[in-house]
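What follows is each chain in one-letter form.
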Amino acid sequence: MTSGTLRSRLVACLLNVSEARRTDLVENVAKAALYDAEGVQRKETTVLNIFNDQDYNRSVITIVASIDSIRDAVLSACQEACALIDMRGHVGVHPSMGSVDLIPIYPLGEAVGERDCVQQALAVARGLTDTVRGSSVFLFGWADAALQRGLARRRKEMFWFRKSPDLRALTADVGPPPRERYGLTGVGASPYVMNCNVSIDTQDVAVGRRVAAALRESAPGGLPGVQVLALPHEGTMEIACNVESVAGAAPGGPTDPPWPRFIVDGRPYCHAPAALITARVAELAGQWGVGVKGTALVGFTPQECRGLAALALSERVGEFWREQRRIRM
């Protein structure tokens, strides 16, 4: 496959696992995406980044592969995570329900569309529940064929936001009723979702929640596509944002930073830029006399993700998270 053809067929999975304090374990999960049982590196597959958060006890592993390779890479990583992470002992600030908490599949290349991503998401869901006995899955986004419910809605329906949800009250979409050992995993497909976290200089939970409530999409004047949690984090409150892509033209005002755009199945999408999110958080927090300490992207924008994946694959670098500084200099 030529480099141009491969680039057009790329997809990403920002795999969320419920472990960050044992970094060697998380790296083993990432390596499982890259190497088969014989230790042979998978073709057309790279791990761009591993984001560990100690307070959250949660890691996000950015896996990018061709549409033909993504299932095996992601499924192998999930199997490793389930073998190593027992939810019965999990403790962290961030809500989490599964050893593998989230498996989202996003199209990056122009030759990949909704149907392709749904096929691979469902293949991963079935593969996981078939090979890890006792694992369970709920579906979201394009993979939720009947209703196409978004991740935030599905999480709410599954009581994901509760401190200790009762798994016995839940029904999985794929697999058996959820069990405490592995919990419940969300599997889905959608246009790219970026994660942008803004820390504000306070430990006041009430202030954090007010900022989050005013920022999220559902609020009057909220940012389209932005879903928000306010969580204690390293002596601050973190305004943790899932930045979903929205269909159509950018809704920003004339003075807003430009909204990055991309195409899926011939349809235009865009997402709120990190600069706008940071500015809006600063404005809202400032109403309570609180400043912003910093902004962190968990991984990359969709444009960065595609560009870096093409670079990593052209250089045949699987463990790109180790090499990205050297390669990008």
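Calculation rules
- Residues numbered from 1 in each chain as written.
- Predicted model: local features only at pLDDT ≥ 70, side-chain atom pairs only at ≥ 80, totals over all residues.
- Heavy atoms only, no water.
- UniProt positions renumbered as here; feature names shortened; annotations may be inferred.
- Helix = DSSP H or I, 4+ residues; strand = E, 2+ residues; numbered from the N terminus.
- 1 Å grid on protein atoms, 1.4 Å probe; cavity = no way out; pocket = protein on both sides within 12 Å on 5 of 7 lines; lining within 4 Å.
- Points joined across faces, edges and corners; volume = space filled by probe spheres on them.
- Nonpolar A, V, L, I, M, F, W, Y, C, P; charged D, E, K, R; others polar.
- Pairing = 2+ DSSP bridges.
- Axes fitted to C-alpha atoms, helices over the stretch in contact; angles between N-to-C directions.
- Contact = heavy atoms within 4.5 Å.
- Parallel < 35°, antiparallel > 145°, perpendicular 65-115°, else oblique.
- Left-handed = near helix turned anticlockwise from the far one by under 90°.
- Phe/Tyr/Trp six-rings, centres within 6.5 Å; stacked < 30°, edge-to-face > 60°.
- Buried < 20%, exposed > 50% of the residue type's maximum accessible area, 1.4 Å probe, protein only.
- Lys NZ or Arg CZ within 6 Å of the ring centre and 35° of its normal.

Quick look at the UniProt feature "domain: Formiminotransferase N-terminal subdomain" (unreviewed entry) in the protein
Point 1. Feature annotation in UniProt places "domain: Formiminotransferase N-terminal subdomain" (unreviewed entry) on residues 9-191, given in this structure's numbering.
Point 2. Secondary structure over residues 9-191 splits into 28% helix and 24% strand, and the C-alpha atoms at its two ends are 15 Å apart.

Points about the layout of surface pockets
Where empty space is left in the structure can be found by rolling a water-sized probe over the atoms.
Point 1. The space that makes up the largest pocket amounts to roughly 980 Å³.
Point 2. Looking at the largest pocket, it is lined by 43 residues, and the ones nearest its centre are L151, A152, R155, Q227 and N242.
Point 3. It is helix α5 (residues 151-157) that contributes the most residues to the lining of the largest pocket, five residues altogether.
Point 4. Here the lining of the largest pocket is built from residues that sort into 21 nonpolar, 13 polar and nine charged.

Observations regarding the pairing of strand β12 (residues 267-270)
Note on strand geometry: in a regular strand, side chains alternate between the two faces of the sheet.
Point 1. Here strand β10 (residues 246-247) runs beside β12; their pairing, made up of two bridges, is antiparallel. Bridge pairing links A247 to Y269 in β12.
Point 2. The pairing of strand β11 (residues 261-264) with β12 spans four bridges and is antiparallel. Each bridged residue has a counterpart across the sheet, and for V264 the counterpart in β12 is R267.
Point 3. Between β11 and β12, which follow one another and run antiparallel, lie two residues, and D265 among them has a positive phi close to 55 degrees.

Re the sheet that holds strand β7 (residues 193-200)
Point 1. Across the sheet, which stays open at both edges, the four strands sit in the order β8-β9-β7-β13 with antiparallel pairing between neighbours. Of all the strands in the sheet, just β8 (226-233) and β13 (292-297) have a single pairing partner and so form its edges. Neighbour-to-neighbour, the strand axes of the sheet open up by a mean angle of 20 degrees, direction not taken into account.
Point 2. Pairing of β8 with strand β9 (residues 236-244) involves eight bridges; the strand directions are antiparallel. Looking across to β9, one finds that L231 is bridged to E238.
Point 3. Taken strand by strand, helix α6 (residues 205-215) contacts β7, β8 and β9, and its axis lies near 170 degrees from that of β8.

Let's talk about the packing of helix α2 (residues 23-34) against helix α3 (residues 70-84)
Point 1. Two elements in contact, α2 and α3, have axes whose closest approach is 7 Å; the angle formed by their N-to-C orientations is 150 degrees. Overall, the two elements α2 and α3 adopt an arrangement that is roughly antiparallel. Helix-helix and strand crossings are classified by hand; for α2 and α3 the assignment is right-handed. For the pair α2 and α3, the contacting residues are L25, N28, V29, A32 and A33 in the first and A73, S76, A77, E80, A81 and L84 in the second.
Point 2. In terms of residue class, the contact of α2 with α3 is built from eight nonpolar, two polar and one charged.

Section: the packing of aromatic side chains
Centre distance and the angle of the planes are the two values used to describe a pair of aromatic rings.
Point 1. Following the criterion strictly, the structure yields three aromatic pairs and no others.
Point 2. An angle of 45 degrees between the planes, with centres 5.1 Å apart, marks the rings of Y106 and Y192 as tilted. A residue pair is termed long-range when its members are at least 10 positions apart, and Y106 in strand β4 (residues 100-107) and Y192 in the loop between β6 (185-189) and β7 qualify at 86 residues. Both residues of the pair, Y106 and Y192, belong to the buried class.
Point 3. With a centroid separation of 6.0 Å and an interplanar angle of 20 degrees, the aromatic rings of F262 and Y269 are classed as stacked.
Point 4. Residue class for Y269 comes out buried when judged on its relative accessible area of 8%.
Point 5. When the ring centre of W160 is taken as origin, the NZ or CZ atom of R155, which lies over that ring, is 3.7 Å away.
Point 6. Here R210 stacks its cationic end above the ring of W288, 4.5 Å away from the centre of that ring.

Side note on the pairing of β6
Point 1. Of all five residues that make up β6, five are buried, and the element is covered over most of its length.
Point 2. Side-chain alternation along β6 places T185, V187 and A189 on one buried face and G186 and G188 on a second face that is also buried.
Point 3. Taken together, the four bridges between β4 and β6 define a ladder with parallel strand orientation. Pairing of I103 across the sheet is with V187, part of β6.

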